[in-house]
Amino acid sequence: MRWSEPQRAMLREMGLRLWRPQTAAAPGLASPGTTGPSHAPADEWAGSIKPKSDAPPIAASGLALTAATMDWPALQSTVESCRACSLCENRRKTVFGVGHLRAQCMVVGEAPGEQEDARGEPFVGDSGQLLDRMLRALGLSREATQPDDAARQVFITNTVKCRPPRNRNPTGDELSACQPFLQRQVALVQPKVIIAMGAFAARSLLGSDEPIGKLRGRMHRWRGVPVVVTYHPAYLLRQPADKARAWEDLCLAATCLAPRAD
Ligand code: URA
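Computed from a predicted structure; not experimentally measured. All residue numbers here refer to positions counted from 1 along the written sequence of the relevant chain. With the structure being a predicted model, the display of local features is reserved for residues of pLDDT at least 70 and the display and counting of side-chain atom pairs for 80 or more, all residues being used for whole-chain, interface and lining totals. Derived side-chain values reflect all non-hydrogen atoms in the structure, with water molecules and hydrogen atoms excluded from consideration.

Draft legend 1. Structural context of the packing of aromatic side chains. Put simply, two rings from Phe, Tyr or Trp (the six-membered ring, in Trp's case) pair if the centres are within 6.5 Å, and we call them stacked under 30 degrees between planes, edge-to-face over 60, tilted for the rest. Per the stated rule, a full pass over the model turns up 3 aromatic pairs. Ring plane angle 50° and centroid distance 5.5 Å describe the contact between Trp72 and Phe155, whose orientation is recorded as tilted. Of this pair, Trp72 sits in helix H3 (residues 72-80) while Phe155 sits in strand S3 (residues 155-158), and the two are 83 residues apart along the sequence. Accessibility classification places Trp72 together with Phe155 in one group, the buried group. Residues Tyr231 and Tyr235 carry aromatic rings whose centres are separated by 5.0 Å and whose planes lie at 25° to one another, so their mutual orientation is stacked. As far as burial versus exposure is concerned, Tyr231 and Tyr235 are alike and both buried. Here the aromatic cluster, defined as three or more aromatic residues joined through ring pairs, consists of Trp72, Phe96 and Phe155. Strands here mean DSSP runs of E at least two residues long; helices mean DSSP runs of H or I at least four residues long; both are numbered from the N terminus. Only protein chains enter the calculation, and the probe is 1.4 Å; a residue is then buried if its accessible area is under 20% of its type maximum, exposed if over 50%, and partly exposed in between.

Draft legend 2. Main features of the site of the ligand. Every residue lining the ligand is accounted for by Gly109, Glu110, Ala111, Pro112, Glu116, Pro122, Phe123, Ser127, Asn158 and His232. Between an oxygen atom of the ligand and a main-chain N or O atom of Glu110, the distance comes to 2.6 Å. Residue Phe123 places a main-chain N or O atom 2.8 Å away from an oxygen atom belonging to the ligand. For every accessible area listed, the method is Shrake-Rupley and the probe measures 1.4 Å; residues are considered covered only by the protein chains on display. Burial of the ligand by the surrounding chains reaches 92%, relative to a free accessible area of 230 Å². Gly falls in the polar group here, along with every residue not listed as nonpolar (Ala, Val, Leu, Ile, Met, Phe, Trp, Tyr, Cys, Pro) or charged (Asp, Glu, Lys, Arg). Its residues assigned to classes, the shell around the ligand shows 4 nonpolar, 4 polar and 2 charged. Residues are counted as near a molecule or strand when any one of their heavy atoms sits within 4 Å of it. Whenever a nitrogen or oxygen atom comes within 3.5 Å of another N or O atom, the pair is scored as a polar contact, on the condition that within protein one atom can donate a hydrogen and the other can accept it, and that pairs from neighbouring residues in sequence are kept only if both atoms are in side chains.

Structure follows, in structure tokens:
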């Protein structure tokens, strides 16, 4: 993959240096001979959004059966009127998701925060700005840059569609209640790859409580769809040294996407 000057600028903006590989690239990363990620220090992940390992497992709910056959309008209106868990009590807006409905790349975050709750759109705060820069560095965007561009326009959503009060972590029950919506979104989008950002996205999609540091850097699968787990942008804002690892993960995800024409 060759990086255009705007992409290089974006990588610099993310705080990543472009390197010329001295040795062969690690398996699964951007192909050798291209610019790629700089190396991060080898400190282990210690993010604060790791779920408690004694949290209840995510169980299928009755909603799963009905959500599994819904089309987009039915799914969206079901989310908007959902009262399956207590998060509905304090929400201002549900946050369904944005982007191309048949995007090749789907991004799954954790939960709406205050700004997302007010706007009804995922990732519009500080972490959303970082996410947008990360996507732009890959030539991807949440917005349509040309008509019907499923290769470049992503679909972004969260594990839960309503804001947890005071931005607390979603509980196992809340993740469980919202899981049929996420699963149906994936089934409708049919992405070539899902980027799961943070521990709750990994937990909701893969059922894993392992720390991100153990899950990242390799390809997982959810119902046959490749899933790349990486750090949540909010964590990267606190731990910028791990941006290089996140970039490696994005490059791994990009290997599932159609090659760029330019
Ligand atoms: N963090 C998330 O995980 N999702 C959002 O929509 C906003 C912040």
